[in-house]
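Remarks on the overall topology
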Amino acid sequence: MALPLIILTLLATVACTPLLDRLLGRSAGWPIAAVFAALAAVVGLQAPTVLGEGGAVEFFVPWMPTIDVGLHLRMDATSWLFSMLVLGVGALIMAYSTRYFPAGRRTGFYALMTSFAAAMVGLVVADDVVLMFVFWELTTICSFYLIGLSGESANRAAVRTFLLTALGGLALLAAVVLLMVEAGTSRLSVILAETDWQANPTWSAVVALLLIVAGFTKSAQFPFHYWLPDAMAASTPVSAYLHAAAMVKAGIYLLMRFTPIFGDFPLWNTVLITTGLITAVIGAVFALQRHDLKELLAYSTVSQLGFLVAVIGVGTPYALTAAAVHTLAHALFKSSLFMLMGVIDTQNGTRDIRRLHGLRTTMPVTAVLMTLAALSMAGVPPLLGFVSKESLFAAFLEAPGPSWAGALAGTVAVGAAALTFAYAYRMVQGAFGGPPGEARRGEASTAYLLAPALAASGGLVLGLTVPLLNPLVDQVVLETTSEPGHGGLALWHGLNSPLFMSLLAIAIGTVLAWRRLSVDRGLDRRLFPVKGTAVFEELHSLVISVGARIGNLTRTDAPAPYLGTVMVVVSGLAAVVVLSGPTLPALNGETTRPMDWLLVALVLVAVIAVVITRSRLAAVALTGIAGFAVALWFLFLGGFDLALTQLLVEILTVVVAVLVLRRLPRKFHPVSRRRGAVAAVVAIAAGTAAALAAFALTGRRELSPAADYFLRNAEEETGGSNVVNTILVDFRALDTLGELTVLAIAGLIIIAVLDSSSLSHGNLPEKVSGFARNAVFSARENSLIMRTVGRALSPVLVVWSAYLLLRGHNAPGGGFIAALVGGAGFALAYLTAWDARRAPIHLPYALISALGIVVATGTGLLGYVDESFLRPLHVDIPYPGGYYHFTTALLFDIGVYLAVVGVLLTTLNRLGTEDDIHAETRPLGPDDDPPDDGEPPAGPHDDTSPVHEPTTTGGAR
Amino acid sequence: MTLALTIGILVTGGVYLLLQRGMVRIVLGFVLLSHAVNLLLLSSGVTSRRDAPLMDRADPATAADPLPQAFVLTAIVIAFAITIYMFTLAVARTDDDTEDPS
């Protein structure tokens, strides 16, 4: 239970951050640090099982059982090490953040850092490759937001980091898929232990390369190394966490995790060792070149990660020992160095070593701590960094391959270590050496220095007591190489080659430090012809422009060519099928009845008229006639609900169309005769194809088993006798829920479109100007009958719509139809208002749609009471003389009702308003609404107003 | 046969309007096409059975296929939502012209 507990506690902490932040401001970091520390203790408590007995803590809940992917969590020694780092270093950084930031609220920071920790812990304990991939991507997303927190200037860096690490994520996804295909399971421990990866070398090589790309992008290996310094745009606590324990360590973890499979593949060895050592050297050289302490540290991380990757590539027990110890040592010294760099920065207002000097007198504690951490990084005894560096050397000497490989790797490693020593010195000397200087704000407070002090002294304490780490490291070695560890971690191994290599590195480093002025001069130039970020931006814009060029081949602003192409292709396909002369099964029963011909004729007349007319109003009315004919068709085919729905939809479509048409020219745009002919040919081809397909492919089979099941069992199972309605709200409610969401989104899009581009004013004034004195166009007098009728009819419509809603389960009706009736009521109320701005609809329409989805989803969740999402519950409520059968399907239908009504209200309100030019002349509040029989106020429809000049804009006529 | 003819007529009209200039005619074309598709969905059931599937009065042996009806009911409402959205687009700027004036 410990594993899900850790992740869930972190997530709960994320949820609490807004509250903590409100109460404590930046000090919210203290309770969060306490949570992290407590969780680290929980991880620590697993040590007897994980390290002592060599077992693993496991947890499982099913997730996607049909494809055999589960929430498998598993903590072995490797996971234990990384979890400890994530939580321990996380606790330190949370504590540090309380003093690093200026007083104020930091909700986003704490929430994201805690989410980041949750994602990292999830990643290292995931025992399912799909789950691991999910957590991997979560770390990418969290880091994107964390870098982006630093504001405008960090945006590009955040995007670059995201795209690069997401690229690695894609590689990991591909690897995950290949692993699952080959191993037949997504269970990581099974994939690692029980699959024969030697059997199919090509396959394994591809998987290995994909994993390498994933690991390299995450762990900033050459040539992807540039993102890490680029991500320096983030604030110092973020960088400290990213560099020391999270994010970049994810790549290291991934490579260590897959060592059991690939550790003895020459490809794996070569790529990892070569790239790792190259990265180690160039990272160190760049670090030696930098003046900004933060940048220097960033390149130092690149270099140290290079060491780690290279040593994992060696793949021997010694190498994995070194990898484990160096991961730990690096986490300690790098987190403390970053935190101390932040201290120097806040106390001095700069972190540039050209402007800092002699801080040893004013910031003595910081000086001591930073020296301690730097010595560990430089690999000086008796610090943990010395032990880890020594084991790195020992490992490199036994690099696989030809006999000279070990010697070469060892030599390069010594060189990189010497450079490490030099830049460590450069950093300490730059800040604390030189003539005594004044820190602008003096030494930092104890609370501020607490976390870096713990991390820095951790390196010393663990260095002195290094044999304590043997059980951990040996277990990691056993898991990653299947060979027992040698248990040989110690400060003193006697006179051997690693010791001499260490001494040599320190000696060369000392010389470099001694001659640092010449070194500075020598390095004070561009070492590479290109910058990584510049290359990235080039590639990025190249991809975009190539995409644009490809798109331009077919791009046009007019929709007709796109639509026409589709129609022509479909008709062509139909022609091919017809020419191939298929044999058709016999028609099933009487599919044609004499009365049907009436409808064919009606539709034909309506469609011909729509096509011919040039008047917009006529076209809308004629389309409505076609719609009514279709509604009749539904009725003929036994779809009462459909016919009702179609009728209502036709009415409402006409209402909306009229709202739209008054803003547009009266006539359609003219099109050339030739174009009309082409369109006619395409249309007739498409229509013929559709008719043939409908004739040939339908009406030739028996009732489907599903339909038969619904007809025979729906009433018994749901208590509703209207089978169509039971399908909507009981059997296929998830489809309906999806549909509601579409509806609500359509409403939102309408709002968004009209918010971003105002309504066309089109022909509004024209109508008024031309006919204002004509009684026919006097809105107020003419709406009298409508108003009178509407007043009586509206309540009837509301009651009727409620009635339709309630009876929907058993008779024609239901949420859709009821909502459309209700919507018709609103439309009536709207139309009877003589001035659009007096429309009596002042309801929060977007909220109503949203409420509809909430109600429907809530009903769905209620279904979990009885087994599954959206499963309806049934209760019989007694009343005198019988029972009322209540089912939660009714609640669901109410959700449907609300969503549909919300969209209708949105449309009426948004399209119906006289937005606008008039509103400014005479703003209208709800209070000054005159009674219906009052005099119409001067203003909007006053024909003396200058805005009512006749216009001739808007299309040819 | 009659249903197939109706579908053919609606598709012809719909496609013709889709290929015209101006958003309103495109929307009307879309409306006709959606009618055609709804009828096509219904015809995929068993159109020789035409009794309303209201089981308190219909016989399971002759009642119409309820499954396509449920699909069409949702389709009608979604098509309606998209129609009003497209109508909104028609007036979201100055005119509903979809092509450069020629």
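Residues numbered from 1 in each chain as written. Chains lettered and ligands numbered in written order. Predicted model: local features only at pLDDT ≥ 70, side-chain atom pairs only at ≥ 80, totals over all residues. Heavy atoms only, no water.

**Let's talk about the interface of chain B and chain A**
Cut-off, in case you're wondering: In this description, contact between two residues means that some pair of their heavy atoms is separated by no more than 4.5 Å. Accessible area that two parts lose when put together, with a 1.4 Å probe and added across both, is what the buried area reports. Salt bridge, as applied in this entry: a Lys or Arg side-chain nitrogen positioned within 4 Å of an Asp or Glu carboxyl oxygen. Each helix is a run of DSSP H or I of at least 4 residues and each strand a run of E of at least 2, with the numbering of both proceeding from the N terminus.
Taken together, the 79 residues of chain B in the interface contact 108 residues of chain A. In this assembly, chain B packs against chain A so that about 8300 Å² is buried in total across both faces, 74% of it on carbon and sulfur atoms. Seen at the junction of chain B and chain A, the total is one salt bridge. We note a salt bridge from D596 of chain A to R50 of chain B, for which the minimum N-O separation is 2.9 Å. Contributions of two or more residues to the side of chain B that touches chain A are made by helix 1 (2-18), helix 2 (23-43) and helix 3 (66-91) of chain B.

**Things to note about the pairing of strand 1 (residues 57-64) of chain A**
Along a regular strand, successive side chains alternate from one face of the sheet to the other. Residue and element names in this part refer to chain A. Definition in use: Pairing between strands requires that DSSP locate at least two bridges from one strand to the other.
Here seven bridges tie strand 1 to strand 2 (residues 69-75), and the two strands are oriented antiparallel to one another. Bridging across to strand 2, F60 finds its partner in H72. The turn joining strand 1 and strand 2, which pair antiparallel and follow one another in sequence, is formed by four residues; a positive phi near 60 degrees is taken by D68.

**Notes on empty space enclosed by the protein**
Basically, it comes down to this: A cavity, in this analysis, means grid points on a 1 Å lattice covering only the protein atoms where a 1.4 Å probe fits yet has no way out; a pocket is instead an open set bounded by protein on both sides within 12 Å along at least five of seven lines, and a residue lines either one if it has an atom within 4 Å of a point. Grid points are joined across faces, edges and corners, and a volume is the space filled by probe spheres set on the points. For this classification, Asp, Glu, Lys and Arg are treated as charged, while Ala, Val, Leu, Ile, Met, Phe, Trp, Tyr, Cys and Pro are nonpolar and the rest, including Gly, are polar.
One pass over the structure, following the stated rule, counts eight cavities of 30 Å³ or more. Looking at the largest cavity, its volume works out to about 100 Å³. When residues of the lining of the largest cavity are traced back to their parent elements, those giving at least two are helix 29 (673-697) of chain A together with helix 1 of chain B. Among the elements that make up the lining of the largest cavity, the one with the highest residue count is helix 1 of chain B (three residues). Looking at side-chain class alone, the lining of the largest cavity contains seven nonpolar, five polar and no charged residues.

**Structural notes on the packing of helix 28 (residues 640-661) of chain A against helix 3 of chain B**
Definition in use: Under this scheme, a helix contributes an axis fitted over its contacting stretch, all axes are lines through C-alpha atoms, and angles between N-to-C directions fall in the 0 to 180 degree range. Oblique is the label for any angle not covered by the other classes, which are roughly parallel (under 35 degrees), roughly antiparallel (over 145) and roughly perpendicular (65 to 115).
With their axes 10 Å apart at the nearest point, helix 28 of chain A and helix 3 of chain B run at an angle of 0 degrees to one another. Considering the angle they form, helix 28 of chain A stands roughly parallel to helix 3 of chain B. For the pair helix 28 of chain A and helix 3 of chain B, contact is made by D641, L642, T645, Q646, V649, L652, T653, V656, A657 and V660 of chain A and by Q69, V72, L73, I76, V77, F80, T83, I84, F87, A90 and V91 of chain B, respectively. Here the residues of the contact of helix 28 of chain A with helix 3 of chain B are counted per class, giving 15 nonpolar, five polar and one charged.

**Considerations on the nonpolar core**
Filter applied, for reference: Residues belong to one nonpolar core when they are buried, are Ala, Val, Leu, Ile, Met, Phe, Trp, Tyr or Cys, and are joined through side-chain atoms within 4.5 Å. Relative accessibility under 20% of the residue-type maximum defines a buried residue, over 50% an exposed one, and the middle range a partly exposed one, all with a 1.4 Å probe and only protein chains included.
Counting residues in hydrophobic clusters, the biggest one holds 204 residues, and the most contacted among them are Y241, F258 and F396 of chain A. A total of 18 residues in this core trace back to one element, the largest contributor, which is helix 16 (residues 317-348) of chain A. Not counting chain neighbours up to four residues away, the residues in contact with Y241 of chain A comprise F36, V86, V89, G90, I93, M113, F116, A117 and A246 of chain A. Membership of the second largest hydrophobic core comes to 124 residues, among which are A686 of chain A together with L28, A70 and A81 of chain B.

Just distances and angles here, no functional claims.
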